[in-house]
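# Residue-level structure breakdown
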Amino acid sequence: LKESVLYPDGGWQVLVDGLRAKAESSGVKIIAETRVEKIERDQSGKVIGVRLADGHWQSADAVIIAASPTEAAELAEDDSLSDVAKTAIPVKAACLDIALERLPQPQTTFALGIDRPLYLSVHSAAAKLAPQGRAMIHVAMYLGSETPADAKAIEHELESLLDLVQPGWRNVLIERRFMPSLTVVHALATAEQGGLKGRFGTTVPGVEGLFVAGDWVGAEGWLADASAASGKRAAELAVQAPNKARAKTA
């Protein structure tokens, strides 16, 4: 059971809401719906703040970029991050979410393709993600790193898997949502690049006070585990950054 997948009641939004509430109760100021356009640095290369899309400038002793390699490279204007962005192989998937009045086949809650990269899971069977008696099903197909050329064909194949595992689902359908190309992880950990240990580190080389976090960062974990581990490490280093700067000028 230690290695089992965990599905949180209420979905990922519960974790996001909890993290935000904890941050705000600790005095964190959250500015939403305002894009950061650039990480500002002084002549020595040290981070001094961020420039927002609305024109405002926010000073900072340390900055953590929690974004894709491409977005991080654009914000930081850093060659090492640009190299990661150019070589990163994203893992993508087409996803179909289905909400049903009831589950036609209650005994069948999980399926994996052998000859095709298909996945089906009745998430509401493991967590509280639907009202009592109703069901939430997630169906997915792993893709290549490029956007699929025929999204309709993929959607049809996902529907066919539902027909096989949950025949009669169309008769009890409440809502459906098809997403033809979602990023599962921003950079596949390849053997050629050294596996997990070959991933980009939390600290951006040569840029004092700049750190990155995400599923493509650090030697620990995969998917959400990697994001959490690199985020924790980045936060620890960011807290230390002002003290290091004072020590150098003392």
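The following refers to the structure shown. (Residues numbered from 1 in each chain as written. Predicted model: local features only at pLDDT ≥ 70, side-chain atom pairs only at ≥ 80, totals over all residues. Heavy atoms only, no water.)

### Section: the overall build of the protein
Worth spelling out the cut-off: Each helix is a run of H or I in the DSSP string that is no shorter than four residues. Each strand is a run of E no shorter than two, and both are numbered from the N terminus. Summary of the burial criterion: residues with accessible area below 20% of their type's maximum are buried, those above 50% are exposed, and those between are partly exposed, where the area comes from a 1.4 Å probe applied to protein chains only. The method behind every accessible area is Shrake-Rupley, applied with a 1.4 Å probe, and residues are considered shielded solely by the protein chains displayed. Positive residues here are Lys and Arg, negative ones are Asp and Glu, while His and the chain termini are left out of the count. To locate a charge, take atom NZ for lysine, CZ for arginine, CG for aspartate or CD for glutamate.
Secondary structure summary: the protein contains five helices and 10 strands in total. Its C-alpha atoms put the protein at 70 × 45 × 40 Å along the principal axes. Burial analysis of the protein (250 residues in total) assigns 36% to the buried set. Of the roughly 15,300 Å² that the protein leaves accessible, carbon and sulfur atoms contribute 54%. Averaging the locations of the 26 positively and 32 negatively charged side chains of the protein gives two centres separated by 5 Å.

### Observations regarding the sheet that holds strand β5 (residues 91-100)
Stated precisely, the cut-off is as follows: Strand pairing is assigned whenever DSSP identifies at least 2 bridges connecting the two strands. Angles here are taken between N-to-C directions and fall from 0 to 180 degrees, while the axes themselves are lines fitted to C-alpha atoms, restricted in helices to the stretch in contact. Any pair of residues with heavy atoms lying within 4.5 Å of one another is described as a contacting pair.
The strand order β6-β7-β8-β5-β9 describes an open sheet built from five strands, whose pairing is antiparallel. The sheet is open, and its two borders are formed by β6 (110-112) and β9 (173-185), each paired with just one other strand. Strand-to-strand twist of the sheet, defined as the mean angle between neighbouring strand axes without regard to direction, takes the value 15 degrees. In this sheet, strand β8 (residues 135-143) lies alongside strand β7 (residues 118-122) in antiparallel orientation, the contact comprising five bridges. Paired with Leu 118 across the strands is Met 141, a residue of β8. Sitting on the sheet, helix α4 (residues 151-165) is in contact with β5, β6, β7, β8 and β9, with an inclination near 130 degrees to β8.

### A look at the environment of Lys 46
Structurally, Lys 46 can be placed in the loop between β1 (36-41) and β2 (47-52). Lys 46 sits 161 residues away from Val 207 along the chain, and the two C-alpha atoms are 5.8 Å apart.

### Quick look at the sheet that holds strand β3 (residues 57-59)
Taken in spatial order, the three strands of this open sheet run β1-β2-β3, and their pairing is antiparallel. Sheet topology places β1 and β3 at the edges, where each strand pairs with a single neighbour. Neighbour to neighbour, the strand axes of the sheet diverge by 25 degrees on average, direction disregarded. Judged from the five bridges that link them, β1 and β2 form a sheet pairing that is antiparallel. When the bridges of β2 are listed, Glu 40 appears paired with Gly 49.

### What about helix α2 (residues 69-76)?
Definition in use: Relevant arc is that of directions from the helix axis to the C-beta atoms, nothing else.
Looking only at α2, the buried set comprises Pro 69, Ala 72, Ala 73, Leu 75 and Ala 76. The buried side chains of α2 occupy one side of the element, clustering within an arc of 165 degrees when seen end-on. In this fold, the buried residues of α2 make contact with β1, β4 (63-66), α3 (79-87) and β10 (210-213).

### Some details on the packing of aromatic side chains
Rules: Aromatic contacts are taken between Phe, Tyr and Trp rings whose centres are within 6.5 Å, Trp giving its six-membered ring; a plane angle under 30 degrees counts as stacked, one over 60 as edge-to-face, and the others as tilted.
Applying the stated criterion across every chain yields a total of two aromatic pairs. Arranged with centres 5.7 Å apart and planes meeting at 80 degrees, the rings of Phe 110 and Tyr 119 form a pair that is edge-to-face. What makes Phe 110 partly exposed here is its relative accessible area of 46%. With a centroid separation of 6.1 Å and an interplanar angle of 40 degrees, the aromatic rings of Phe 200 and Trp 216 are classed as tilted. Residue Phe 200 is found in the loop between β9 and β10, and its partner Trp 216 is found in the loop between β10 and α5 (224-249); the two are separated by 16 residues along the sequence. Like Phe 200, the residue Trp 216 is buried in the burial classification.

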